[in-house]
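A look at the structure
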Amino acid sequence: MKCKETCYMCNAEATSKEHVPPKSLFPKDSELGKGVTMRKNLIKVPSCDTHNSSKSIDDEYIMLVMSCAFYGNEFKSALFERRALKAFKRKPHILDTIFNNPKKVFLDDGKSDKLEESMSFEVDLDRVDSIFHHMACGIYYHHFKEKWLGSSKNTINFLSYLGTPNDVELNKNHFELNEKTREIFYNLAPYGDNREVFSYRISKKDNGESVIFLEFYEQLRVAVVFLA
């Protein structure tokens, strides 16, 4: 008798397959040039109703947040132009949810001496942390065929500190930490069949502590540490 699958996030019976990361982060074939696809062999894991169906709002939230990031390749830009802008027009009320406390800012694009005018907004950090925790747990299950039911901490390179007296110092330390993390993980093999949209690298120590390095649109990076 075949055993029933259980959810990657808990021990409840799985009722569906969940895309990890969310499918909404990958452009549709119709949004790309002829013969181009960025949805090859998307990762799916067994999930219960609580950890899949109920998180569709979070999937949309993180898609909108990431599409507004200052960095990213042409696929990130397309996500904003073809998916996010349509969502804002279709459901204008979500602007208040996403763009909390908007402010004009000037950012260094790292390519010239000019500062680019942009907009900053506050994100729900607890919600973002939870979303990336779930993604990392899904990748962990997919990669090792076992569950991680513990806690995690993460660092996100596309979020910055604003509105505090020591913004510059905090962001400098934040940038240096993310660069060191990137240098370490770039020595490991990348996984994923659509690497211009998403790839991951993973490290697991003998004591069970693991780190999963998620990369989106070649420039948006999240390092998730599973605490043993």
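Residues numbered from 1 in each chain as written. Predicted model: local features only at pLDDT ≥ 70, side-chain atom pairs only at ≥ 80, totals over all residues. Heavy atoms only, no water.

**Thoughts on the sheet that holds strand E7 (residues 198–204)**
With antiparallel pairing, 5 strands are arranged side by side in an open sheet as E5-E9-E8-E7-E6. In this open sheet, the two strands that pair with only one neighbour each are strand E5 (152–156) and strand E6 (191–194). Going across the sheet, the axis of each strand differs from the next one's by a mean of 15°, ignoring polarity. Pairing of E5 with strand E9 (residues 220–226) involves 5 bridges; the strand directions are antiparallel. Within E9, the residue paired with Ser152 across the bridge is Phe226. Each of E5, E7, strand E8 (210–216) and E9 is contacted by helix H5 (residues 167–185), which is oriented at about 105° to E5, the strand it contacts most. (Pairing = 2+ DSSP bridges. Helix = DSSP H or I, 4+ residues; strand = E, 2+ residues; numbered from the N terminus. Axes fitted to C-alpha atoms, helices over the stretch in contact; angles between N-to-C directions. Contact = heavy atoms within 4.5 Å.)

**Thoughts on the side chain of His134**
With respect to the secondary-structure elements, His134 resides in helix H4 (residues 125–144). A relative accessible area of 18% places His134 in the buried class. Discounting residues that sit within four places of it in the chain, His134 has contacts with Tyr8, Met9 and His51. (Buried < 20%, exposed > 50% of the residue type's maximum accessible area, 1.4 Å probe, protein only.)

**Considerations on the state of the cysteines**
The final tally for this structure, using the stated rule, is 0 disulfides. With no disulfide of its own, Cys7 lies closest to Cys48 among cysteine sulfurs, the gap being 3.7 Å. Classification of Cys7 by relative accessible area gives buried; the value is 0%. (Disulfide = S-S within 2.5 Å.)

**Re the pairing of E7**
Counting buried residues in E7 gives 5 out of 7 residues, a clear majority hidden from the surface. Here 2 bridges tie E6 to E7, and the two strands are oriented antiparallel to one another. Note that in E7 the partner of Tyr191 across the bridge is Tyr200. In this antiparallel pair of consecutive strands, E6 and E7, the connection spans 3 residues. Sheet analysis places E7 next to E8, joined by 7 bridges and oriented antiparallel. Bridge pairing in E8 places Lys204 opposite Ser210.

**Points about the packing of aromatic side chains**
By the definition in use, this model includes 12 aromatic pairs. Seen from their ring centres, Tyr191 and Tyr200 are 5.2 Å apart, and the 20° between their planes marks the pair as stacked. The residue whose ring lies beneath Arg127 is Tyr61, and the NZ or CZ to ring-centre distance is 4.1 Å. The ring of Tyr186 has Arg182 lying over it, and the distance from NZ or CZ to the ring centre is 5.4 Å. (Phe/Tyr/Trp six-rings, centres within 6.5 Å; stacked < 30°, edge-to-face > 60°. Lys NZ or Arg CZ within 6 Å of the ring centre and 35° of its normal.)

**Some words on the nonpolar core**
Core analysis: the biggest nonpolar cluster contains 55 residues, and Met66, Phe132, Phe158, Leu214, Phe216 and Tyr217 have the highest contact counts within it. At the level of secondary structure, the elements contributing two or more residues to this core comprise helix H1 (56–67), helix H2 (74–90), helix H3 (94–98), H4, E7, E8 and E9. For this core, the element with the most residues is H4, which contributes 9 residues. Each residue touching Leu214, except ones within four places of it in the same chain, is listed here: Phe132, Met135, Ile139, Phe198, Ser199, Tyr200, Leu220, Arg221, Val222 and Val224. (Core = buried A, V, L, I, M, F, W, Y, C linked by side-chain atoms within 4.5 Å.)

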